[in-house]
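Take a look at the letters that make up each chain.
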2 protein chains.
Amino acid sequence: MEATYRALCAHGYANLTMQGIADEFEKSKSLIHYHYDTKEELFVAFLEYLLDRYTEGVEVSETDDPLDRLEEFLDVFVVAPDDEDAASLVVDVVEFRSQAAHNEAYREQLASNYEAILDVFAGIIEDGIKAGVFREVDPRRTAELLFAALDGARNRQVTLDAPEATTTMRETLMEQVVEPLLLEEGR
Amino acid sequence: MEATYRALCAHGYANLTMQGIADEFEKSKSLIHYHYDTKEELFVAFLEYLLDRYTEGVEVSETDDPLDRLEEFLDVFVVAPDDEDAASLVVDVVEFRSQAAHNEAYREQLASNYEAILDVFAGIIEDGIKAGVFREVDPRRTAELLFAALDGARNRQVTLDAPEATTTMRETLMEQVVEPLLLEEGR
């Protein structure tokens, strides 16, 4: 998966071959073929791996504070203006999403990633409501708003040359969506 | 442009040829070539035409009320769950956006469309602030939040088989972003 990641950064989705991935892989091309029959199967596994990268921080977080956890998870989807590797990976995600309209294997995996990300956001919001930190909102809908806005902003950032888009969106989401959730008495 | 629109709905971006567009066009293929040297030029013109379709409602709107105008413009980006033609057009827009990462002509036109849409949202919010209907927010950032969330939701709707995504997002945006803008004394 690390080799696929490096190969995607180096070649981009459209130009990537199994050989390009094998070139990044210390072991052999036959080993890749042993595990994955097609490029599509390998990419589905890669999308699953990407989800783990997105969500791993949540499990090792050192804080229980719902507001801090929410901020940490928003950060996962912010692409710094000068982080070209991260931007290049998002270009690939945008390309996978575009393919997903016609490719069932990508669609299923990406839809399952999307749900898993919403579950993390909604879980944090739900915990915050139970802890008396957030006011009573619909956790699922708030999660959809946060992630759709970040997802839209990062798509814009990498496809329309707007290097600050996710950084600005994170600030706007804090000001206009997250801070209004806070109950004074919980702080 | 209407012929291009019909041809895109029928064939999709990836499979579309100049002949496919000419087949939808009462006049001749040579007339298309007279105006557009390449498929790329034709598509840039089509993206400009799409922007006009998005924004034309703003100019003919029968209301001056900032809240009503904001709701009308949010509606432009909602794709009804059963509107297959609209969904198919959004698939093409997603594909153009994905291409824009590598294609300067698409990137310039789509970035200019994005800015124009933000200008409409920001203009309505600014008018609302001046009229004492909305509280003092940053019109540009609020515009970015509204459009990124809708854009993210419509991308999800068509690529990840989530037919209600934009309908739900419009409701969530009203509840969590637009209604909190309202100053009681302005109503």
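How each quantity is defined
Residues numbered from 1 in each chain as written. Chains lettered and ligands numbered in written order. Predicted model: local features only at pLDDT ≥ 70, side-chain atom pairs only at ≥ 80, totals over all residues. Heavy atoms only, no water. Helix = DSSP H or I, 4+ residues; strand = E, 2+ residues; numbered from the N terminus. Buried < 20%, exposed > 50% of the residue type's maximum accessible area, 1.4 Å probe, protein only. Contact = heavy atoms within 4.5 Å. Areas by Shrake-Rupley, 256 points an atom, 1.4 Å probe, with all protein chains shown as cover. Lys, Arg positive; Asp, Glu negative; His and termini not counted. Charge placed at Lys NZ, Arg CZ, Asp CG, Glu CD. Least-squares fit on C-alpha atoms with pLDDT ≥ 70 in both. Buried area = accessible area lost by both parts, 1.4 Å probe. Salt bridge = Lys/Arg side-chain N within 4 Å of Asp/Glu carboxyl O. Polar contact = N/O pair within 3.5 Å; in protein donor to acceptor, adjacent residues only side chain to side chain. Core = buried A, V, L, I, M, F, W, Y, C linked by side-chain atoms within 4.5 Å. pLDDT = per-residue confidence, 0-100. Expected span 1.5 Å × (residues − 1).

Caption draft 1: View of the overall build of chain A. Looking only at helices and strands, one finds nine helices and zero strands in chain A. Starting at the N terminus, the α and β elements of chain A follow one another as α-α-α-α-α-α-α-α-α. Reported as C-alpha extents along the three principal axes, the dimensions of chain A are approximately 60 × 35 × 30 Å. When burial is assessed residue by residue, chain A has 52% of its 187 residues classed as buried. Long-range contacts, defined as pairs at least 24 residues apart, comprise 63% of the intrachain contacts of chain A with a sequence gap of at least 6. Total accessible area computed for chain A in this model is approximately 8700 Å², and 45% of it derives from carbon and sulfur atoms. Within chain A, one finds 16 positive and 41 negative side-chain charges whose respective centroids are separated by 4 Å.

Caption draft 2: Layout of the relation of the copies chain B and chain A. Mapping chain B onto chain A is achieved by rotating through 180° and translating by 0.0 Å along the same axis, at an RMSD of 0.0 Å. One copy is carried onto the other by what is essentially a two-fold rotation axis. A high fraction, 100%, of the interface residues of chain B reappear at the interface in chain A, so the copies pair face to face through one surface.

Caption draft 3: Just the interface of chain B and chain A, in detail. Each side of the interface is counted separately: chain B has 38 residues, and chain A has 38 residues. Summed over both partners, the interface of chain B with chain A buries about 3200 Å², with 56% contributed by carbon and sulfur atoms. In this structure, the connection of chain B to chain A is made through eight salt bridges. For A:Arg141, the salt bridge is made with B:Glu171, and the minimal N-O distance between the two is 2.9 Å. For the pair chain B and chain A, the interface holds 12 residue pairs in polar contact (both at pLDDT 80 or more).

Caption draft 4: Region of the structure containing the nonpolar core. If you look at the biggest cluster of nonpolar residues, it comprises 118 residues, and the most contacted ones within it are A:Phe121 and B:Phe121. Residues contacting A:Phe121, with those up to four places away along its chain left out, are A:Leu70, A:Phe73, A:Leu74, A:Phe77, A:Ala143, A:Leu146, A:Phe147 and A:Leu150.

Caption draft 5: Looking closely at the environment of A:Glu59. Within the element layout of this structure, A:Glu59 appears in helix H4 (residues 39-60). For the pair A:Glu59 and A:Asp119, spaced 60 residues apart in sequence, the C-alpha separation works out to 13 Å.

Caption draft 6: Seen up close, the pattern of salt bridges. Residue and element names in this part refer to chain A. Under the definition given, this model contains 26 salt bridges over all chains. Put simply, Arg69 and Asp127 hold a salt bridge, and the shortest N to O gap is 3.1 Å. Of this pair, Arg69 sits in helix H5 (residues 66-76) while Asp127 sits in helix H7 (residues 104-130), placing them 58 residues apart in sequence. Here Arg69 falls in the buried class, since its relative accessible area comes to 18%. Since its relative accessible area comes to 33%, Asp127 is described here as partly exposed. Across the salt bridge formed by Asp75 and Arg170, the nearest N and O atoms sit 2.5 Å from each other. On the criterion of sequence distance, the pair formed by Asp75 in helix H5 and Arg170 in helix H9 (residues 165-178) is long-range, its members being 95 residues apart.

Caption draft 7: The arrangement of the confidence of the model for chain A in detail. Scored by pLDDT, chain A comes out at a mean of 90, with 98% of its residues at no less than 70. Predicted as a complex, the structure gets a pTM of 0.92 and an ipTM equal to 0.92.

Caption draft 8: Inspection of H9(A) at higher detail. If you check H9(A), its first and last C-alpha atoms are 18 Å apart, about what 14 residues at 1.5 Å a residue would give, namely 20 Å. Burial analysis of H9(A) places 11 of its 14 residues in the buried class, which makes it a mostly covered element. Turning to H9(A), its buried residues are A:Ala165, A:Thr166, A:Thr168, A:Met169, A:Arg170, A:Thr172, A:Leu173, A:Met174, A:Gln176, A:Val177 and A:Val178. Taken together, the buried residues of H9(A) touch H5 and helix H8 (139-159) of chain A together with helix H8 (139-159) and helix H9 (165-178) of chain B.

Caption draft 9: Main features of the side chain of A:Thr63. With respect to the helices and strands, the residue A:Thr63 is situated in the loop between H4 and H5. With residues up to four places along the chain from it excluded, the contact list for A:Thr63 reads A:Asp68, A:Arg69 and A:Glu72.

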